[in-house]
Amino acid sequence: MAEQGGSGTDDATGGGDAPDRRALLRLGGLGVAAVVTIRPAIAQAATSVINCEIPVPDASKRSAYIAADGSTVAANTPGSFPGSPAPLRGQDVKAALNGRSFPTASSPEQSQAWTNYIRRLQRGQSGFTCYASLQMPGRS
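Just so it is clear, the structure is predicted and the values come from calculations on it, not from any experiment. (Residues numbered from 1 in each chain as written. Predicted model: local features only at pLDDT ≥ 70, side-chain atom pairs only at ≥ 80, totals over all residues. Heavy atoms only, no water.)

Describing the overall build of the chain
Turning to step 1, where the next piece is worked out: Broken down by element type, the chain carries four helices and five strands.
Turning to step 2, where the next piece is worked out: Expressed as a percentage of the 140 residues in the chain, the buried residues total 31%.
Turning to step 3, where the next piece is worked out: Across the chain, contacts joining residues at least 24 apart in sequence account for 53% of those joining residues at least 6 apart.
Turning to step 4, where the next piece is worked out: For the chain, the exposed area adds up to about 9200 Å²; of that, 55% sits on carbon and sulfur atoms. (Helix = DSSP H or I, 4+ residues; strand = E, 2+ residues; numbered from the N terminus. Buried < 20%, exposed > 50% of the residue type's maximum accessible area, 1.4 Å probe, protein only. Contact = heavy atoms within 4.5 Å. Areas by Shrake-Rupley, 256 points an atom, 1.4 Å probe, with all protein chains shown as cover.)

What follows is the structure, encoded as structure tokens:
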């Protein structure tokens, strides 16, 4: 029988530098465990994003109205709209960012004003983390 270089044993006996079948099976099993634990975490993250909430306007400006450009203005300013009576859900925000109206808005113009308010959110404002999460590719 011809000898193989190095150890003098052939791969059929499990010797040499090549990993044996058991080692490969163990590695494969670890890979499956990683996939099984990561997928639920991704699903949970996606679910939390569509269930996050954005107050419009935030609590510090609760009595303010929302102008068509999304800025906050004094109540009853002409051309402005009252804010949402309850925080807007992530899935509704995602739909509005794609052109739909909010179900709680009384008109398409009010819905657009709320959407513009959300687009103006900055780090540190209530709802910014939810909005930023909705902007990530692949989020539902």
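Now that the structure is up, let's keep going.
Some words on the nonpolar core
Turning to step 1, where the next piece is worked out: Among the nonpolar cores identified, the biggest contains 20 residues, and Ile-54, Val-56, Val-93, Phe-102 and Ile-118 are the most heavily contacted of them.
Turning to step 2, where the next piece is worked out: Beyond its immediate sequence surroundings of up to four residues, Val-56 is in contact with Arg-62, Ile-66, Gly-83, Ser-84, Leu-88, Trp-114, Tyr-117 and Ile-118. (Core = buried A, V, L, I, M, F, W, Y, C linked by side-chain atoms within 4.5 Å.)

Quick look at the sheet that holds strand β2 (residues 65-66)
Turning to step 1, where the next piece is worked out: Sheet architecture is open: three strands sit in the order β3-β2-β4, paired in antiparallel fashion. Of all the strands in the sheet, the pair left with one neighbour each is β3 (72-73) and β4 (81-82). (Pairing = 2+ DSSP bridges.)

Brief notes about the packing of aromatic side chains
Turning to step 1, where the next piece is worked out: Going through the model one piece at a time under the given rule, you end up with one aromatic pair.
Turning to step 2, where the next piece is worked out: Ring geometry for Phe-102 and Trp-114: centres 5.8 Å apart, planes at 50°, overall tilted. Here the residue Phe-102 occupies a position in the loop between α2 (90-97) and α3 (108-119), and Trp-114 occupies one in helix α3, the gap between them amounting to twelve residues. A single burial state applies to Phe-102 and to Trp-114, both of which are buried. (Phe/Tyr/Trp six-rings, centres within 6.5 Å; stacked < 30°, edge-to-face > 60°.)

Without other data, these values stay purely geometric and don't point to any function.
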